[in-house]
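# Per-entry structural report
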Amino acid sequence: MPESARADSGTCANESVVAVLVADELAEARRALEGGEAREPDAALAAAARDLAAPARGGDRRRGADDPADQEGARTPAPVVAVHGTIVRVRIATLGDLMLDVIVRLEEPLAAGDDVRARTRTGAGGQAANVAAWAASLGAEARCVAKRGSDATGGLVAAQLAALGVELCGPVGDGTTGVVVSIVGADGERSMASDRGVAPSFAPDELDEAWLDCDVLHVSGYALLREPIAATARLAARLARARGARVSVDVAAWTEIRSYGPVRFRELLDELAPDVLFATEAEWEMLGGAYLTAPVGVIKRGPRGCTVVSEEARLDLAPVEAEVVDTTGAGDALAAGFLLGGSLEEAARRGLEAAARCVATVGSMP
């Protein structure tokens, strides 16, 4: 990356004492407003992150997702993430969007042209930011690589992410930081409307290779749907692999894939060749889930748990019981827990436990 470009746009958001002070004030204000205490990372889950070994790759990448295979309880293949035994914590970098999350929990159905009661909450969000925050809460060393705006919103979400233990890296561009509004019904299910702001304008020459010093690079599917950020994501995957990292991809919304073109998106996945692919059932089917596009596929089934498909096994796991308040971010929490490693079953169960924690509260972050 040219030095001039770095000077103008490249930053890591652990750079300023002021940002830390602002983050502390935000955390205190949040506790005061919500009348609660800050949550600590689950010690047992954090400890599980230290138990990792190297996975095997190869074989036919197009094995059928629904082909007969061993069921839950069978001995699963080697772990998902390769980490040297002397490293205490998994280093996870995510690439995608950092946004302001506006969550509106309805107390009654919307009425056209009228006003209804609701509870609202705002904070940092975006798929890449969510995964990084949950990974940090589970004991990983987490970094989020994203472009944000130079507006006040960008500073606010950067400070909150730093307060959650995530190193934020990426350019700051003229314009607005993205905003996503989630409307949450009484059943906890949410619908979203997104304005990604300057995030999609993240160009390859704004990427610093040092940001990709990690064990796992997790790429948000939203980063693959528009240019120039899609070119940046492809470059990041190549650079991370050259440094010995594994690559995972979360497919993103089926509505976006439909607009982009399922065949075209599959070709993009084939180019990225992820080690792990996350998708909801709708996304999996839209992409033609009759065959596998990665050595490990994780199908997120919401209230029915998840299914993990590899070249050697298929595991169907039930969800962890929880009172469902808001499902926003649950899939991102699951992905973070899974990427900490262990056997496929251990990784999936850790992910489901994180997802259960997520749905039990309002918001997408721990």
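Just so it is clear, the model here is predicted, and its values are computed rather than measured.

Parameters and conventions
- The numbering scheme is per chain: residues are counted from 1 as the chain's sequence reads.
- A pLDDT threshold of at least 70 governs which residues receive local features in this predicted model, and a stricter bar of 80 or more applies before side-chain atom pairs are shown or counted, although totals over entire chains, interfaces and linings include all residues.
- Where side-chain values are given, they derive from all heavy atoms of the structure, hydrogens and water being excluded.
- In this description a helix means any DSSP run of H or I spanning at least four residues, a strand means any run of E spanning at least two, and both kinds are numbered starting from the N terminus.
- When a residue's accessible area, from a 1.4 Å probe over protein chains only, is under 20% of the maximum for its type it is buried; when over 50% it is exposed; and in between it is partly exposed.
- Two residues qualify as a contact provided that any one of their heavy atoms is within 4.5 Å of a heavy atom in the partner residue.
- In these tables, accessible area is a Shrake-Rupley quantity obtained with a 1.4 Å probe, and a residue counts as shielded only by the protein chains included in the view.
- Pairing of aromatic rings covers Phe, Tyr and Trp, the last counted by its six-membered ring, and requires centre-to-centre distances within 6.5 Å; plane angles under 30 degrees mean stacked, over 60 mean edge-to-face, and any other angle means tilted.
- Salt-bridge detection follows one rule: a side-chain nitrogen of Lys or Arg within 4 Å of a carboxyl oxygen of Asp or Glu.
- To obtain an axis, a line is fitted to C-alpha atoms, over the contacting stretch when the element is a helix, and the angle between two such axes runs from 0 to 180 degrees between their N-to-C directions.
- Each angle receives one of four descriptions, namely roughly parallel if under 35 degrees, roughly antiparallel if over 145, roughly perpendicular if within 65 to 115, and oblique otherwise.
- Here a crossing is taken to be left-handed if its near helix is turned anticlockwise relative to the far helix by less than a right angle, and right-handed if that turn runs clockwise.
- Three classes are used, and their members are as follows: Ala, Val, Leu, Ile, Met, Phe, Trp, Tyr, Cys and Pro are nonpolar, Asp, Glu, Lys and Arg are charged, and the others, Gly among them, are polar.
- Note on handedness: a clockwise path from strand one over the helix to strand two, with the strands aimed away from the viewer, defines a right-handed crossover.
- Each pair of strands is called paired provided DSSP finds at least two bridges between the two strands.
- Between N or O atoms, a polar contact is any pair within 3.5 Å; within protein, one atom must be a potential hydrogen donor and the other a potential acceptor, and residues adjacent in sequence are included only when both atoms are from side chains.
- Cysteine sulfurs are considered disulfide-paired once they come within 2.5 Å of each other.
- The predictor rates its confidence in each residue with pLDDT, a number between 0 and 100.
- To estimate how far a helix should extend, the number of its residues minus one is multiplied by 1.5 Å.
- Put simply, the grid is 1 Å and covers the protein atoms alone, a cavity is a trapped set of points that fit a 1.4 Å probe, a pocket is an open set with protein on both sides within 12 Å along at least five of seven lines, and lining residues have an atom within 4 Å of a point.
- Grid points are joined across faces, edges and corners, and a volume is the space filled by probe spheres set on the points.

Moving on: the overall build of the chain. What the chain contains, in helices and strands, is eleven helices and 15 strands. Considering the chain as a whole, with its 366 residues, one finds that 53% of them fall into the buried category. Put simply, 74% of the contacts in the chain that link residues at least 6 apart link residues at least 24 apart. Approximately 15,600 Å² of the chain is accessible, and the part contributed by carbon and sulfur atoms is 52%.

Next up on the list: the packing of aromatic side chains. With the rule as written, the count across this model stands at two aromatic pairs. Residues tyrosine 260 and phenylalanine 265 carry aromatic rings whose centres are separated by 5.9 Å and whose planes lie at 90° to one another, so their mutual orientation is edge-to-face. Judged by relative accessible area, which is 0%, phenylalanine 265 ranks as buried. Here phenylalanine 278 and phenylalanine 338 contribute two aromatic rings whose centre-to-centre distance is 5.7 Å and whose plane-to-plane angle is 90°, an arrangement assigned as edge-to-face.

Taken as a whole, this structure holds 17 salt bridges when the rule is applied. Each of Arg91, Asp213 and Asp215 takes part in one network of salt bridges that share partners.

What follows is about the packing of helix H4 (residues 127-137) against helix H10 (residues 330-339). The interhelical angle for the contact between H4 and H10, taken along N-to-C directions, is 50°, at an axis separation of 8 Å. Taken as axis vectors, H4 and H10 run oblique relative to one another. Where H4 crosses over H10, the handedness of that crossing is right-handed. Between H4 and H10, the contacting residues are Gln127, Asn130, Val131, Trp134 and Ala135 on the first element and Asp332, Ala333, Ala335 and Ala336 on the second. When the residues that make up the contact of H4 with H10 are grouped by side-chain class, the tally is six nonpolar, two polar and one charged.

Of all the five residues making up strand S11 (residues 246-250), five are buried; the element is thus mostly covered by neighbouring parts of the structure. Here S11 shows no split at all, with Arg246, Ser248 and Asp250 on one side and Val247 and Val249 on the other all buried. Viewed along the sheet, the connection from strand S10 (residues 216-220) through helix H6 (residues 229-242) into S11 turns out right-handed. Where S11 lies against strand S12 (residues 276-280), three bridges are found, and the strand directions are parallel. Residue aspartate 250 lies in a different strand from S12, and its bridge partner there is phenylalanine 278.

Below, the discussion takes up the side chain of arginine 196. Secondary-structure assignment places arginine 196 in strand S9 (residues 190-197). One polar contact links arginine 196 to aspartate 97, side chain to side chain, over a distance of 2.7 Å. Those residues in contact with arginine 196 that sit more than four places away from it in its chain are Asp97, Met99, Gly178, Tyr222, Ala223, Arg226 and Ile229.

Before going further, it helps to examine the packing of H10 against helix H11 (residues 344-359). The contact between H10 and H11 brings their axes to 7 Å, and the two run at 145°. The two elements H10 and H11 meet at a crossing, and its hand is right-handed. Contact residues: Ala330, Ala333, Leu334, Gly337 and Phe338 in H10; Leu344, Ala347, Ala348, Arg350, Gly351, Leu352, Ala354, Ala355, Cys358 and Val359 in H11. Split into classes, the residues belonging to the contact of H10 with H11 amount to twelve nonpolar, two polar and one charged.

Read across the open sheet, the four strands follow the order S4-S3-S8-S9; overall the sheet is mixed. Each edge of the open sheet carries a strand with a single partner, namely strand S4 (118-125) and S9. For this sheet the average axis-to-axis angle between neighbouring strands, irrespective of direction, equals 15°. Pairing geometry for strand S3 (residues 99-106) and strand S8 (residues 177-184), over seven bridges, is parallel.

This next bit is on the state of the cysteines. Counted according to the given criterion, the structure contains zero disulfides. Among the cysteines around cysteine 144, which has no disulfide bond, cysteine 169 carries the closest sulfur, lying 8.8 Å off.

Note: predicted coordinates in regions of low pLDDT should not be interpreted at a detailed level. Scored by pLDDT, the chain has a mean of 81; 75% of the residues are at 70 or more. Segment residues 1-9 is flagged for pLDDT under 50; beyond a separation of four residues in sequence, or across chains, it makes 16 contacts in the model. Per-residue pLDDT stays below 50 along residues 81-88; that stretch engages in 19 contacts with residues further than four places along the chain or on separate chains.

On to helix H5 (residues 152-163), then. For H5, spanning twelve residues, the distance from its first C-alpha to its last is 17 Å, which sits close to the expected 16 Å at 1.5 Å a residue. Taken together, the buried positions of H5 are occupied by Gly154, Val157, Ala158, Ala159, Gln160 and Leu161. Glycine 165 sits one or two residues past H5 and shows a positive phi near 90°.

Our focus in this paragraph is empty space enclosed by the protein. Within this structure, the stated rule accounts for two cavities of 30 Å³ or more. By volume, the largest cavity amounts to about 60 Å³. Residue assignment for the lining of the largest cavity shows that the elements contributing at least two residues are strand S2 (91-96) and strand S5 (141-146). Taken together, the residues of the lining of the largest cavity sort by class into four nonpolar, no polar and five charged.

So, on to H6. Within an α-helix, residues lying three or four positions from one another point in the same direction, as the helix has 3.6 residues per turn. The first and last C-alpha atoms of H6 sit 20 Å apart over 14 residues, in line with the 20 Å expected at 1.5 Å per residue. Turning to H6, its buried residues number three or more, namely Ile229, Ala230, Thr232, Ala233, Arg234, Ala236, Ala237 and Ala240. At its buried positions, H6 is contacted by S2, S9, S10, S11 and helix H8 (262-272).

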